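Spelled out from the first residue to the last, the chains are:
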Amino acid sequence: MTDFGSMLFVFVLATFIGLGVIRRVSRLLYTPLMSLTNAISAIAVVGSIVVTGADHPLTIRILGAVALFASMTNIVSGFMITDRMLKMFKKQ
Amino acid sequence: MHVIGELSAVLATALFIFALYWMGDPKTARRGVIAGVTGMAVAVLATWIQPEIIHHGWIVLAIVAGFAVGIPLSRVPLTAVPQRTALSHAFGGLAAGLVGTAEYFLWLGDPAGAHFTPFRTGALVVEVILGFLTFTGSLMAAGKLQEVRWIPQRPVTYPGQNFVNLGVLGLAAALGVVLVLNPTAAWSGQVFIAIGALALIFGVLLIIPIGGADMPTVISILNAYAGLAAVAMGFVLDSKLLVTAGALDGSSGLILSIIMCRAMNRSFTNVLFGAFGKAQPALVAGEQKAWKQETVEGAAQLLEQARTVVIIPGYGMAVAQAQHKVRELYDALTKRGVTVKFAIHPVAGRMPGHMNVLLAEANIPYSALVEMDEINPEMPQTDVALVLGANDVVNPSARYAKSTPIYGMPIIDADKAKTVIAVKRSKNPGFAGIDNELYTLDNTWMLFGDAKAVLAELVKQFGSGGIH
C-alpha cells in the first residue's frame, strides 16, 4: 500500500497542474468545461467496478452497482453534452 | 496485470490533462472530448480485466443503465443545462458516498482488520461527508433550477439558520473524529451511518437559503465539492488516478467559484451563509422617476440608425428561449452595416458560461461575444445598448449604493451608451428586488413584454420594409 505522504504529494501536484491548465481555459467555454471535468471526475467508476464485481457480500455489491450506474451516467451524459455544446462554437 | 493497471492509470491521467489543456481554445476544444473519452475507456477496461472482478453481469447491467439515463440527459435543451449540471454533481457525490459506505463495511467485516489507518479512516469520513452533502445539495439546486413545485425558489431563511447549519456539519465532523479514533468498536457502524445521515441533511440545509442569482457560484462550489469527494475516494482506494482526476475537477470548480464570487463582489462564506436575493427592504427612493416606454417601431428605428449596437443578454433571454430571435435581429442589423456585439457578464444566467452556450446554439459567431472587461471601455462610443432580460448586471447603483446587496459588483456600463433600450418582461423590480435606475435614465427607452415576442416584432420591422 502506498503511504499517505506520496498520495498527498500526488494530490498537491495534481491541484497545481489543474489550476494552471484551467486558468488558461477560454471564458467562452466555462459551461462545457464544467460538464467535461464532471465526466472526468466520474473516473470514480473504477472504484465502483471493483466494489460491484469482486466477490463481496450482496448488499455491498448493490451499493457498488448503484454507484457504478451514477458514475456511468455522468460519463455518458458529460462527454456527450460537452461535445454537443462545443460543436456549436463557430468563429464565423 | 498490476503493470497494466499502473501504466493505463498514467496514460489516462495524461489524457485527462490534455483534455483540459485543449479547452483553452474553441478551435481545439473538441479534441479534448476525444482525449477524455479515450482516457476513460482505458481506465475502465484496465480495471475490468483485473482477476478479482468476477461478477461481470452486474457491471454490464449498471453500465447499460448508465447509458439509458445518460443519453437522454445529454440531449436536454441548452436552457436546461444548469439543472443537468447540478444533477451530474449529485450523481458524482452519490457515487462517492456509496463507494465510501461500501468500503467502510467491507473493512469492518474483514477479520484481518488492518485497513483502518487513521489517515484512511479520516479520508473515508471526508469522502462520505462530501459525497452525501454534494448529493442532496446538488439535488436541491437542480430542483430549484428546474422550478420543481415543492422546492421553494425564493431563498428560505429563519433565525439561527447559520447556527443550525454549522451545528449539523460540526456534529458530523465530531462523529468523524470519534470514528477515526474507534473505527471498529461495536457501535462504530451506527456512528458511520449517523455521519452519512447528517451529511445528507446538511446538503439540503445548505441550499435552502440560496436564490437564483447565486446559482452560478453555488454550482461552481458544488463542482469543487464533487471533485474533492473523488479525491478523498482516491485516498481511500489508494488510487493515484482518482486523486489526480478529482483534483483536476476540484481545482476547476475552485477557479470557477472564485471567478463567480469576484464577479458578484462577494466572498465564499457570504454566498453560502449570506442568503443573497432575499427580498430587501425597498430603497428609500427620493422620488420615483417614471419609465419612458418606446414602441417597437421607434426602437427599430433607433437600432437602424446606430453604427454600433451592444446587446446585453441575461437570464430573461434564457427563460424566454429568445436566443434564436436574437440571431435574427443580429443578422438583420449586420446586413445593414451595423456592428453588433454581445456583452457577457460572468454571472449572467444560471451557471458559468451559460449565455455563451445559448448564443453559440443560435449560431452567433463566438468572435461577437465580448467579456465585460473588454466591452466596458467601448460603451461610451456605443450608439445603442440593448438590454435583454438582464437586470442586476447593468444596475448602476452597484457602483455607489452601499445599502444594496449588489454594491461593489462589477457591472456592464450600459448606462454609458448613447441610448439604452431595455426589454423587460414586467414592470416589477428584478430578482434581487432592487430598483434599477438604468430604466429611468434620460437616455433609456423601455420595451415591455416577453423577450422572444418583442424581438420577433423588432425583426418584423426590419423584414417588412417598414424601415429602409
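Since the structure is predicted, the reported quantities are computational estimates derived from the model, not experimental observations. (Residues numbered from 1 in each chain as written. Chains lettered and ligands numbered in written order. Predicted model: local features only at pLDDT ≥ 70, side-chain atom pairs only at ≥ 80, totals over all residues.)

Chemist: Can you walk me through the overall build of chain B in this structure?
Modeler: Broken down by element type, chain B carries 16 helices and 6 strands. Once the C-alpha set of chain B is aligned to its principal axes, its extents read approximately 85 × 50 × 35 Å. Here chain B, with 468 residues, has 51% of them falling under the buried criterion. Here the analysis covers contacts within chain B between residues at least 6 apart in sequence; of these, 80% occur between residues at least 24 apart. (Helix = DSSP H or I, 4+ residues; strand = E, 2+ residues; numbered from the N terminus. Buried ≥ 20, exposed ≤ 12 C-beta atoms within 10 Å, placed from the backbone. Contact = placed C-beta atoms within 7 Å.)

Chemist: What is the right way to look at the overall build of chain A in this model?
Modeler: Of the regular secondary structure elements, chain A holds 4 helices and 0 strands. Moving toward the C terminus, one meets the helices and strands of chain A in the order α-α-α-α. Against the compact-globule benchmark of 12 Å for 92 residues, chain A has a radius of gyration of 17 Å, which places it well outside the compact range. Residues counted as buried form 65% of the 92 residues belonging to chain A. The long-range share in chain A, meaning contacts at least 24 apart out of those at least 6 apart in sequence, stands at 62%. (Rg over C-alpha atoms; globule rule 2.2 N^0.38 Å.)

Chemist: Honestly, the pairing of strand S2 (residues 339–344) of chain B in this entry has me stumped. Any pointers?
Modeler: Each regular strand carries side chains that alternate between the two faces of the sheet. Residues and elements named next belong to chain B. Taken together, the 4 bridges between strand S1 (residues 308–313) and S2 define a ladder with parallel strand orientation. Bridging across to S2, Thr-308 finds its partner in Thr-339. Handedness of the crossover joining S2 and strand S3 (residues 369–371) through helix H14 (residues 354–361) is recorded here as right-handed. (Pairing = 2+ DSSP bridges. Right-handed = clockwise from strand over helix to strand, strands pointing away.)

Chemist: Honestly, the sheet that holds strand S6 (residues 444–448) of chain B in this entry has me stumped. Any pointers?
Modeler: Adjacent strands of a sheet pair through backbone hydrogen bonds, lying either parallel or antiparallel. Residue and element names in this part refer to chain B. If you trace the 6 strands from one edge of the open sheet to the other, you get S3-S2-S1-S4-S5-S6, paired in parallel fashion. A strand with exactly one partner marks an edge of an open sheet, and here the two such strands are S3 and S6. Here the average twist between neighbouring strands, direction ignored, is 25°. Sheet analysis places strand S4 (residues 384–388) next to strand S5 (residues 419–424), joined by 5 bridges and oriented parallel. Pairing of Leu-386 across the sheet is with Ile-421, part of S5. In this fold helix H13 (residues 323–335) packs onto S1, S2 and S4, with an angle of close to 145° to the strand it touches most, S2. (Axes fitted to C-alpha atoms, helices over the stretch in contact; angles between N-to-C directions.)

Chemist: Would you mind going over the environment of B:Ala35 with me for this structure?
Modeler: Residue and element names in this part refer to chain B. Among the secondary structure elements, Ala-35 is positioned in helix H2 (residues 29–48). Take Ala-35: there are 22 C-beta atoms within 10 Å of it, and that puts it in the buried class. Each C-alpha atom, one on Ala-35 and one on His-56, is 26 Å from the other, the two residues being 21 residues apart in sequence.

Chemist: How do you make sense of the interface of chain A and chain B when you look at a structure like this?
Modeler: Accessible area lost on assembly of the parts is the figure often given for the size of an interface. Taken together, the 78 residues of chain A in the interface contact 92 residues of chain B. Tallying contributions element by element places helix H4 (residues 58–88) of chain A first for the side of chain A that touches chain B, with 27 residues. Partitioned by chemical class, the residues of the side of chain A that touches chain B number 47 nonpolar, 22 polar and 9 charged. (Nonpolar A, V, L, I, M, F, W, Y, C, P; charged D, E, K, R; others polar.)

Chemist: Explain unusual backbone geometry here, please?
Modeler: Glycine aside, the phi torsion of most residues is negative, and most peptide linkages are trans. All names here are of chain B. Not every positive phi belongs to a glycine, and Asn-265 is a case in point at roughly 55°. Relative to the assigned elements, Asn-265 resides in the loop between helix H9 (240–264) and helix H10 (268–273). On the neighbour-count criterion, Asn-265 (14 C-beta atoms within 10 Å) is partly exposed. We note that Gln-321 has phi near 55°; this positive angle belongs to a residue other than glycine. Mapped onto the elements, Gln-321 comes out in the loop between helix H12 (315–319) and H13.

Chemist: Sorry if this is basic, but what is going on with the domain arrangement of chain B here?
Modeler: Residue and element names in this part refer to chain B. Domain assignment breaks chain B into domain 1 (76–273) and domain 2 (296–463). Just the C-alpha atoms count here: the centres of domain 1 and domain 2 sit 36 Å apart. Of all elements in the fold, only helix H4 (81–109), helix H8 (215–237) and H9 reach the threshold of two or more residues within the side of domain 1 that touches domain 2. Tallying contributions element by element places H9 first for the side of domain 1 that touches domain 2, with 5 residues. Looking at the side of domain 1 that touches domain 2 residue by residue, the classes come out as 13 nonpolar, 6 polar and no charged. (Domains from an automatic or database assignment.)

Chemist: I tried to follow the packing of helix H3 (residues 45–53) of chain A against H4(B) on my own but got confused; where do I start?
Modeler: Working note: a packed helix pair is described by the angle between its axes plus the distance between those axes. Running from N to C, H3(A) and H4(B) point in directions that differ by 40°, and their axes come no closer than 10 Å. By the angle class used here, H3(A) and H4(B) are oblique. The crossing of H3(A) and H4(B) is left-handed. Along the contact surface, H3(A) presents A:Gly47, A:Ser48 and A:Val51, while H4(B) presents B:Ala95, B:Val99 and B:Ala102. Partitioning the contact of H3(A) with H4(B) into residue classes produces 4 nonpolar, 2 polar and no charged. (Parallel < 35°, antiparallel > 145°, perpendicular 65-115°, else oblique. Left-handed = near helix turned anticlockwise from the far one by under 90°.)

Chemist: So what exactly am I meant to see when it comes to H4(B) here?
Modeler: Side chains three or four residues apart in an α-helix point the same way, a direct result of the helix having 3.6 residues per turn. Between its first and last C-alpha, H4(B) extends 42 Å over 29 residues, near the 42 Å set by a 1.5 Å rise per residue. Within H4(B), 24 of the 29 residues are buried, which leaves the element mostly enclosed by the surrounding structure. (Expected span 1.5 Å × (residues − 1).)

Chemist: Sorry, what's going on with the packing of H13(B) against helix H16 (residues 451–463) of chain B here?
Modeler: All names here are of chain B. Put simply, H13 and H16 touch, their axes get as near as 9 Å, and they point 25° apart. Comparing their axes, H16 and H13 come out roughly parallel. Between H13 and H16 the crossing geometry is left-handed. Two secondary-structure elements touch here, H13 through Lys-325, Val-326, Glu-328, Leu-329 and Ala-332 and H16 through Lys-452, Leu-455, Ala-456, Leu-458, Val-459 and Phe-462. The residue makeup of the contact of H13 with H16, split by class, is 8 nonpolar, no polar and 3 charged.

Chemist: Quick question: what am I supposed to make of the pairing of S1(B) here?
Modeler: All names here are of chain B. Of all 6 residues making up S1, 5 are buried, and the element is well covered by its neighbours. Across 5 bridges, S1 lies against S4 in parallel orientation. Note on S4: the bridge partner recorded for Ile-312 is Val-387.

Chemist: Would you explain the environment of B:Phe192 in this entry?
Modeler: All names here are of chain B. Along the chain, Phe-192 turns up in helix H7 (residues 188–207). Considered as a pair, Phe-192 and Arg-425 are 233 residues apart in the sequence and their alpha carbons are 50 Å apart. Once residues lying within four places of it in the same chain are set aside, the contact partners of Phe-192 are Tyr-104 and Leu-179.

Chemist: Just to check I follow, could you spell out the environment of A:Gly78 for this structure?
Modeler: In this structure, A:Gly78 sits in helix H4. Along the chain, A:Gly78 and A:Arg24 lie 54 residues apart, while their C-alpha atoms are 21 Å from each other. Beyond its immediate sequence surroundings of up to four residues, A:Gly78 is in contact with A:Ser35, A:Leu36, A:Asn38, A:Ala39, A:Ala42 and B:Ser88.

Chemist: Would you explain the nonpolar core in this entry?
Modeler: Side chains of a nonpolar character, in soluble globular proteins, are inclined to be buried together. Formed by 188 residues in total, the largest nonpolar core has its most connected members in A:Ile43, B:Ile312 and B:Val387. When residues of this core are assigned to their parent elements, the largest contribution, 17 residues, is made by H8(B). Sequence-distant contacts of A:Ile43, that is, excluding residues within four places in its chain, are made with B:Met40, B:Ala43, B:Leu241, B:Leu242 and B:Ala245. (Core = buried A, V, L, I, M, F, W, Y, C linked by C-beta atoms within 7 Å.)

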